[in-house]
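Architecture at a glance
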Amino acid sequence: MSDAVEQAQIYIEKEDYKQALKLARKRHGKDDIEEYIAILDLLIDEEYLPALEEKGMYYQYYDENHDNGDYGEKYFDEYLEKQPRSINAICDKALSRFNKGKVDEAIEYMDKAYDKYKSYAKIEKPRISKNEVLMGKIELLMQAKRYDDALAYLNKYETLTNGNEKSDLYKGVALQKNGNNEEAIKYLDRSLGSEDTIMALNAKGDALYELKRYDDALKAYNLCIQKESSIKDEDLDLITNFNYKAAFCCVKLGKDGEAIKYLNKTINFLNEKGRLPNDIEKIYRKCSFEKERIMKTGNVKDKEFGQTKFMPMKTSIIILIIILILYLILRLFGYGN
């Protein structure tokens, strides 16, 4: 037994559960997951509920396999059996449901958390306010791409709070997705006034693109590209969008030479991803066709393609003859028989 686990046991024997949990979190911070889980299990045996939620949150956010795709839900369920009015655990379970693709159920749980806020379990104080629970529901709706529903709740949120940077961002994105591009830009600019987020810049680029303001859209997409290294590769839709749209801004502006650079980048990026979702596959083909169209004009040279070196026919024939001779020699000495 490690020193950390032994120390945790001492804390637990003294019923100093908070210190034991604090020690567990330190082990997590040191990436000692085995000790972290061992201490949590000791606390769970003592029916210390915060440790039960902590373990669920580990599998929700940190474990690579999310406990074989459970996302901590069994721990949140166990918590809710003991404290069915826990706002924290209800919101945790909502996210587990969402991560399992149960969007409607996830939103129902967020509604449940919002409704129960007046009578939450007195054993705990919710980590988030009632308005933040509402924002949590909005975030789930945005991730589910249910923009009409998100807008309805964003309007409610604005009435209750007068809005903030996050609601401005989501409302700008939702308005843009619904085709209200001019209004979307107003909200996105307000959000960008607080922080230059890629999500806001990308949505602003899309709004400007739809308004045929291609110079301004290209500027927004280039700002996204500057921040691209901060995005996880799994966010395929976002990375693909601002790169290929930058290419087509250049096409619309008659800058075919620049367009080829963006098209090459998008095509190469998607080539690395193997099998693509249908919507991304369509973008890949669109980029490939556009590149072919530009190259057929003969007005643009593809420098990236031009850097590829091909062997002259004579050299290729000589190398082939050498390979055949080596093969025959090896056969003569008995190799390959």
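Going by the structure above, here's the rest.
What comes next is a walk through the structure. (Residues numbered from 1 in each chain as written. Predicted model: local features only at pLDDT ≥ 70, side-chain atom pairs only at ≥ 80, totals over all residues. Heavy atoms only, no water.)

1. Digging into the environment of isoleucine 107
As a reminder, the rule being used: Numbering goes from the N terminus for both helices and strands, where a helix is a DSSP run of H or I of at least four residues and a strand is a run of E of at least two. In what follows, residue pairs with any heavy atoms lying within 4.5 Å of each other are defined as contacts.
Assignment of secondary structure puts isoleucine 107 in helix H8 (residues 103-115). When the C-alpha atoms of isoleucine 107 and leucine 95 are compared, they prove to be 8.9 Å apart, with 12 residues separating the residues in sequence. Contact partners of isoleucine 107, with chain neighbours within four places excluded, come to Lys137, Leu140, Leu141 and Arg146.

2. Concerning the pattern of salt bridges
Defined as follows: Each reported salt bridge corresponds to a side-chain nitrogen of Lys or Arg within 4 Å of a carboxyl oxygen of Asp or Glu. Burial classification: accessible surface area is computed with a 1.4 Å probe over protein chains only, and a residue below 20% of its type maximum counts as buried, one above 50% as exposed, and the rest as partly exposed.
Summed over the entire model, instances satisfying the criterion amount to 28 salt bridges. The partner of arginine 146 in a salt bridge is aspartate 149, and the shortest N-O contact between them spans 3.2 Å. Of the charged contacts, one joins aspartate 216 and arginine 213 as a salt bridge, the two residues approaching to 3.3 Å between their closest N and O atoms. Overall, the relative accessible area of 30% leaves aspartate 216 in the partly exposed class. The class for arginine 213 is partly exposed, based on a relative accessible area of 37%.

3. Considerations on the packing of helix H15 (residues 236-252) against helix H16 (residues 256-271)
The relative placement of two packed helices is expressed as an angle between their axes plus a distance between the axes. For clarity, the cut-off: Note on method: axes are straight lines fitted to C-alpha atoms, helices fitted across the in-contact stretch only, with angles between N-to-C directions ranging 0 to 180 degrees. In this scheme, roughly parallel covers angles under 35 degrees and roughly antiparallel covers those over 145, while 65 to 115 is roughly perpendicular and the rest are oblique. A crossing counts as left-handed when the near helix is turned anticlockwise from the far one by less than a right angle, and as right-handed when that turn is clockwise. We call Asp, Glu, Lys and Arg charged. Ala, Val, Leu, Ile, Met, Phe, Trp, Tyr, Cys and Pro are nonpolar, and the rest, Gly among them, are polar.
One can describe the packing of H15 onto H16 by two numbers: an axis separation of 7 Å at closest approach and a directional angle of 160 degrees. Between H15 and H16, the angle falls in the class roughly antiparallel. Crossing angle aside, the handedness with which H15 passes H16 is left-handed. Mapping the contact onto sequence places Leu236, Ile239, Thr240, Asn243, Tyr244, Ala246, Ala247, Phe248, Cys250 and Val251 in H15 and Asp256, Glu258, Ala259, Tyr262, Leu263, Lys265, Thr266, Phe269 and Leu270 in H16. Its residues assigned to classes, the contact of H15 with H16 shows 13 nonpolar, three polar and three charged.

4. Notes on the packing of aromatic side chains
Condition: Pairing of aromatic rings covers Phe, Tyr and Trp, the last through its six-membered ring, and needs centres within 6.5 Å; plane angles under 30 degrees mean stacked, over 60 mean edge-to-face, and all others mean tilted. We call a charge positioned over a ring when the NZ of a Lys or the CZ of an Arg lies within 6 Å of the ring centre and within 35 degrees of the ring normal.
The full count for this structure, using the stated rule, is eight aromatic pairs. Ring geometry for tyrosine 17 against tyrosine 48: centres 5.2 Å apart, planes inclined by 35 degrees, an arrangement best described as tilted. With tyrosine 17 in helix H2 (residues 17-29) and tyrosine 48 in the loop between helix H3 (33-45) and helix H4 (49-61), this pair connects stretches of sequence that are 31 residues apart. Residues tyrosine 17 and tyrosine 48 agree in their burial class; the two are buried. Plain terms: the ring middles of tyrosine 59 and tyrosine 75 are 5.8 Å apart, the flat faces sit at 15 degrees to each other, and that makes the pair stacked. With tyrosine 59 in helix H4 and tyrosine 75 in helix H6 (residues 73-82), this pair connects stretches of sequence that are 16 residues apart. Accessibility expressed as a relative area gives 14% for tyrosine 59, which makes it buried. Three or more aromatic residues joined by ring pairs form one cluster here, namely Tyr36, Tyr58, Tyr59, Tyr61, Tyr62 and Tyr75. Seen from the ring of tyrosine 114, lysine 130 lies directly overhead, with NZ or CZ sitting 4.8 Å from the centre.

5. Some points on unusual backbone geometry
Notably, glutamate 15 is not glycine yet its phi reads approximately 60 degrees, a positive angle. Following the sequence through the fold, glutamate 15 ends up in the loop between helix H1 (3-13) and H2. You will see that histidine 66, though not glycine, has its phi angle at about 50 degrees, which is positive. Within the element layout of this structure, histidine 66 appears in helix H5 (residues 66-69).

6. Focus: the state of the cysteines
Note the threshold: Note on disulfides: each one is a pair of cysteine sulfur atoms within 2.5 Å.
By the definition in use, this model includes zero disulfides. Take cysteine 250: it sits in no disulfide, and the sulfur closest to it among the cysteines is that of cysteine 249, at 6.9 Å.

7. Topic: the side chain of histidine 28
The topology assignment puts histidine 28 in helix H2. The buried category is assigned to histidine 28, whose relative accessible area is 15%. Setting aside chain neighbours within four positions, we find histidine 28 in contact with Ile33, Tyr36, Tyr58 and Tyr62.

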